[in-house]
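Structural characterization, general
Here's the letter readout for the chains.
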Number of protein chains: 2
Amino acid sequence: MDDNGDVAVDFGEDGLVPAVAQDAETGEVLMLAYVSPEALERTRETGRAHYYSRSRDELWEKGATSGHVQDVREVRVDCDADTLLYLVDQEGGACHTGHRSCFYRTIDGETVGEAVFDPDAVYTDGGTVDETTDGDESGETTTESE
Amino acid sequence: MDDNGDVAVDFGEDGLVPAVAQDAETGEVLMLAYVSPEALERTRETGRAHYYSRSRDELWEKGATSGHVQDVREVRVDCDADTLLYLVDQEGGACHTGHRSCFYRTIDGETVGEAVFDPDAVYTDGGTVDETTDGDESGETTTESE
């Protein structure tokens, strides 16, 4: 991508970088998931947030079947180019729990985030999610991202 | 920490979770670094953001010698408890480059972030940073975090 004057992202040994999705309007941090070179390319090509599922070892588009897509206004990269920031317009909620943001709890266990949808009504399999740490918590079920 | 009613953080195989630092006032995403159980404990005990350097294999306090500390108002955890969000009051700038945020560039290479200090004046070793992907880019030099 250097040929285009783009920042060369350092995808590291595992070929993935963390990406923070932030609401472009409100500034709310919505979720964190992982991005492969292909996911980043797809995100830039389509304007829709794409991530990479480490557990399913596949590319996924946020909201592909839930409809809770993220329209990406801008992609930023940090100083050492190993973390991305997606500035997005989030449709519905980012979190499979029905909250607007996956960061809806304090570490003390207090719920501080806004619930915006009924996950049982959105995820036909009841919102069952892969429990790995690859960003699937952001609402993509196994069936959804296929 | 469950005994206190806290959310049990899933530190995974490597014993670290990514932590996003966000300006509690403006909502600006400042940096991403990694946190160990001890770093989280120190953060909660002191109210100052602590992280873990994977390259130096040690705990570090953000701004320990630069003075660009982060006073942590709240720690949030995401839905599957494998990512943290620090809501902070950032002294000076979070980034060793002198910018307020480490995410001062678009992926197109355009600088969009605010420069708030002269790194050469702050980092006596000229701001040389460990080039690993462990959050050292957020402004802690090798000497600083000792």
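Keep in mind the model is a prediction, meaning the values are calculated, not measured.

**Quick notes on the sheet that holds strand E6 (residues 84-90) of chain B**
Sheet strands pair by backbone hydrogen bonding; their relative direction is either parallel or antiparallel. Pairing within the open sheet is mixed, and its 5 strands lie in the order E7(A)-E5(B)-E6(B)-E1(B)-E2(B). At either margin of the open sheet sits one strand with a lone partner, and together these are strand E7 (105-106) of chain A together with strand E2 (29-35) of chain B. Alignment of strand E5 (residues 70-77) of chain B against E6 of chain B, held across 7 bridges, turns out to be antiparallel. Paired with glutamate 74 of chain B across the bridge in E6 of chain B is leucine 87 of chain B. On the sheet, helix H1 (residues 37-46) of chain B packs against E2, E5 and E6 of chain B and is oriented at approximately 40° with respect to E6 of chain B.

**Quick notes on the interface of chain A and chain B**
With 43 residues of chain A at the contact, the number on the chain B side is 43 residues. With both sides pooled, the region where chain A packs onto chain B buries about 3400 Å², and carbon together with sulfur makes up 60% of that total. Sorting the residues of chain A by area buried against chain B places Cys79, Phe103 and Ile107 of chain A first, and these three jointly supply 23% of that buried surface. Here chain A is connected to chain B by 2 salt bridges. Across the pair aspartate 108 of chain A and arginine 44 of chain B runs a salt bridge, and its minimum N-O distance is 2.7 Å. At the level of elements, strand E1 (17-23), strand E2 (29-35), helix H1 (37-46), strand E5 (70-77), strand E6 (84-90) and E7 of chain A are the ones that each hand at least two residues to the side of chain A that touches chain B.

**Regarding the pairing of E2 of chain A**
All names here are of chain A. Here E2 lies mainly inside the structure; 7 of its 7 residues are buried. As paired strands, E1 and E2 are joined by 6 bridges and run antiparallel to one another. Pairing of alanine 19 across the sheet is with alanine 33, part of E2. Linking two consecutive strands that pair antiparallel, namely E1 and E2, is a turn of 5 residues; a positive phi of about 85° is found at glycine 27 within it.

**A closer look at H1 of chain B**
Side chains that are three or four residues apart share a direction in an α-helix, a result of its 3.6 residues per turn. Residues and elements named next belong to chain B. Three or more residues of H1 are buried, namely Ala39, Leu40 and Thr43. Buried residues in H1, looked at end-on, bunch into an arc of 100°, giving them a common side. Looking at the packing, one finds that the buried side of H1 touches E2, strand E3 (50-53), strand E4 (58-61), E5 and E6.

**Structural notes on the UniProt feature "binding site: Mg(2+)" (unreviewed entry) in chain A**
Residues and elements named next belong to chain A. With numbering aligned to this structure, UniProt lists the feature "binding site: Mg(2+)" (unreviewed entry) at Asp78, Asp80 and Asp82. Here aspartate 80 lies in the loop between E5 and E6. The class of aspartate 80 is buried, set by a relative accessible area of 12%. Tracing the backbone through its elements, the reader meets aspartate 82 in the loop between E5 and E6. Given a relative accessible area of 6%, aspartate 82 falls into the buried group.

**With respect to the pattern of salt bridges**
Within the structure shown, the criterion is met by 20 salt bridges over all chains. One salt bridge in this structure joins arginine 73 of chain A and aspartate 89 of chain A, with 3.0 Å as the shortest N-O distance. Remark: aspartate 89 of chain A occurs in strand E6 and arginine 73 of chain A occurs in strand E5; sequence separation between them is 16 residues. Salt bridges sharing partners connect three or more residues here, namely Asp6 and Arg44 of chain A together with Asp108 of chain B.

**Thoughts on the environment of tyrosine 104 of chain B**
Looking at where tyrosine 104 of chain B falls in the secondary structure, it is placed in the loop between E6 and strand E7 (105-106). Note: C-alpha distance between tyrosine 104 of chain B and leucine 30 of chain B (74 residues apart in sequence) is 9.0 Å. Discounting residues that sit within four places of it in the chain, tyrosine 104 of chain B has contacts with Val77 and Cys79 of chain A together with Cys95, Thr97, His99, Glu110, Thr111, Val112 and Gly113 of chain B.

**Observations regarding the relation of the copies chain A and chain B**
Mapping between the two chain copies consists of a rotation about an axis together with a translation along that axis. Between the two copies, chain A and chain B, the superposition gives an RMSD of 0.0 Å; the rotation angle is 180° and the shift along the axis is 0.0 Å. Interpreted geometrically, this transformation is the action of a two-fold axis. Within chain A, the C-alpha atom positioned nearest to the axis of rotation is that of glycine 27 of chain A, 2.6 Å from it. Most of the interface of chain A is mirrored in chain B: 100% of its interface residues are interface residues there too.

**A few points about the packing of aromatic side chains**
All names here are of chain A. In the structure shown here, the tally under the stated rule is 4 aromatic pairs over all chains. Judged by centre distance (5.3 Å) and plane angle (40°), the ring pair of tyrosine 51 and tryptophan 60 falls under tilted. We note that tyrosine 51, like tryptophan 60, is buried. Pairing tyrosine 51 with tyrosine 86 gives two aromatic rings, centres 5.5 Å apart and planes at 40°, and the pair type is tilted. Highlighted residues: tyrosine 51 in strand E3 (residues 50-53) and tyrosine 86 in strand E6, separated in sequence by 35 residues. With relative accessibility at 0%, the residue tyrosine 51 sits in the buried group. Take tyrosine 86: its relative accessible area is 0%, and that puts it in the buried class. Every member of this aromatic cluster is reached through a ring pair, and the members are Tyr51, Trp60 and Tyr86. Here the basic side chain of arginine 54 rests over the ring of tyrosine 34, its NZ or CZ set 4.0 Å away from the ring centre.

What counts and what doesn't
Residues numbered from 1 in each chain as written. Chains lettered and ligands numbered in written order. Predicted model: local features only at pLDDT ≥ 70, side-chain atom pairs only at ≥ 80, totals over all residues. Heavy atoms only, no water. Pairing = 2+ DSSP bridges. Helix = DSSP H or I, 4+ residues; strand = E, 2+ residues; numbered from the N terminus. Contact = heavy atoms within 4.5 Å. Axes fitted to C-alpha atoms, helices over the stretch in contact; angles between N-to-C directions. Buried area = accessible area lost by both parts, 1.4 Å probe. Salt bridge = Lys/Arg side-chain N within 4 Å of Asp/Glu carboxyl O. Buried < 20%, exposed > 50% of the residue type's maximum accessible area, 1.4 Å probe, protein only. Arc of directions from axis to C-beta. UniProt positions renumbered as here; feature names shortened; annotations may be inferred. Least-squares fit on C-alpha atoms with pLDDT ≥ 70 in both. Phe/Tyr/Trp six-rings, centres within 6.5 Å; stacked < 30°, edge-to-face > 60°. Lys NZ or Arg CZ within 6 Å of the ring centre and 35° of its normal.

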